[in-house]
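Listed below are the residues making up each chain.
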Amino acid sequence: MATSGSITTNSCEGRSLTLSWSLSSQSVADNYSNISWKLKGSGSGSGWVNAGNFKAVINGTTVYSSSTRIQLYNGTTVASGTAKISHNSDGTKSFKLSCEAGIYYVAVNCTASGTHTLTTI
C-alpha cells in the first residue's frame, strides 16, 4: 500500500509532465484519505519549452485544467492542491490518475495515466 506516487508523461523536446501525490491524512471514522498533489515540469536539460492545455485528473475528478501556455522548465510547478478520496467499505482504495499537456505543440501530445493503491484504513 502506498503513501505517495507519481506518473510521468512521454517526453517532447526533453520536457515531460509529472503528476505526483502524497498522503496527507486519513480518517478511519469517516473512511477517507486526503492527499496532496503537484503537477510539475520534469525531464532533462535546463531550458524551457512552451506548453499548455494542461489537465490533471485524480479519482475521476479533474483537479486542474488550463489552456494557458507557459514556459515549462524542469521543476516548474504548474499547479498543486489537495483531494479527498473516499475508501471502499472494507477500507481499501485504488484510484486512477492521469495528466496531459501540449508540450512544444499546441495540441496535446504528452499523456500519462496510472492506478495507485492507498494505504488501507
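Structure's up top.
Residues numbered from 1 in each chain as written. Predicted model: local features only at pLDDT ≥ 70, side-chain atom pairs only at ≥ 80, totals over all residues. Heavy atoms only, no water.

A.B. asks: Provide a residue-level description of unusual backbone geometry, including the pertinent values.
C.D. replies: The phi torsion at Asn 31 lies on the positive side, around 60 degrees, for a residue other than glycine. Unlike most non-glycine residues, Tyr 104 shows phi in positive territory, near 75 degrees. Structurally, Tyr 104 is set in the loop between strand E8 (94-103) and strand E9 (110-117). A relative accessible area of 46% means that Tyr 104 is categorised as partly exposed. (Helix = DSSP H or I, 4+ residues; strand = E, 2+ residues; numbered from the N terminus. Buried < 20%, exposed > 50% of the residue type's maximum accessible area, 1.4 Å probe, protein only.)

A.B. asks: How would you summarise the nonpolar core if you had to cite specific residues and measurements?
C.D. replies: In terms of nonpolar packing, the biggest core is built from 26 residues, with Leu 19, Leu 39 and Ile 103 touching the most fellow members. Elements supplying a minimum of two residues to this core: strand E2 (15-27), strand E3 (32-43), strand E4 (49-58), strand E7 (77-86), E8 and E9. With sequence-adjacent residues up to four places away left out, Leu 19 is seen in contact with Gly 5, Ser 6, Ile 7, Trp 37, Lys 38, Leu 39, Ala 56, Val 57, Ile 58, Leu 97, Ser 98 and Cys 99. (Core = buried A, V, L, I, M, F, W, Y, C linked by side-chain atoms within 4.5 Å. Contact = heavy atoms within 4.5 Å.)

A.B. asks: Describe the state of the cysteines, with residues and values.
C.D. replies: Inspection of the entire model under this criterion finds zero disulfides. Not engaged in a disulfide, the cysteine Cys 12 finds its nearest cysteine sulfur in Cys 110; these two sulfurs lie 5.0 Å apart. Given a relative accessible area of 10%, Cys 12 falls into the buried group. (Disulfide = S-S within 2.5 Å.)

A.B. asks: For the side chain of Ser 42, give the residues involved together with the corresponding values.
C.D. replies: Looking at the secondary structure, you find Ser 42 in strand E3. Setting aside anything within four residues of it in sequence, one finds Ser 42 in contact with Thr 8, Gly 14, Arg 15, Ser 16, Leu 17, Thr 18, Asn 74 and Gly 75.

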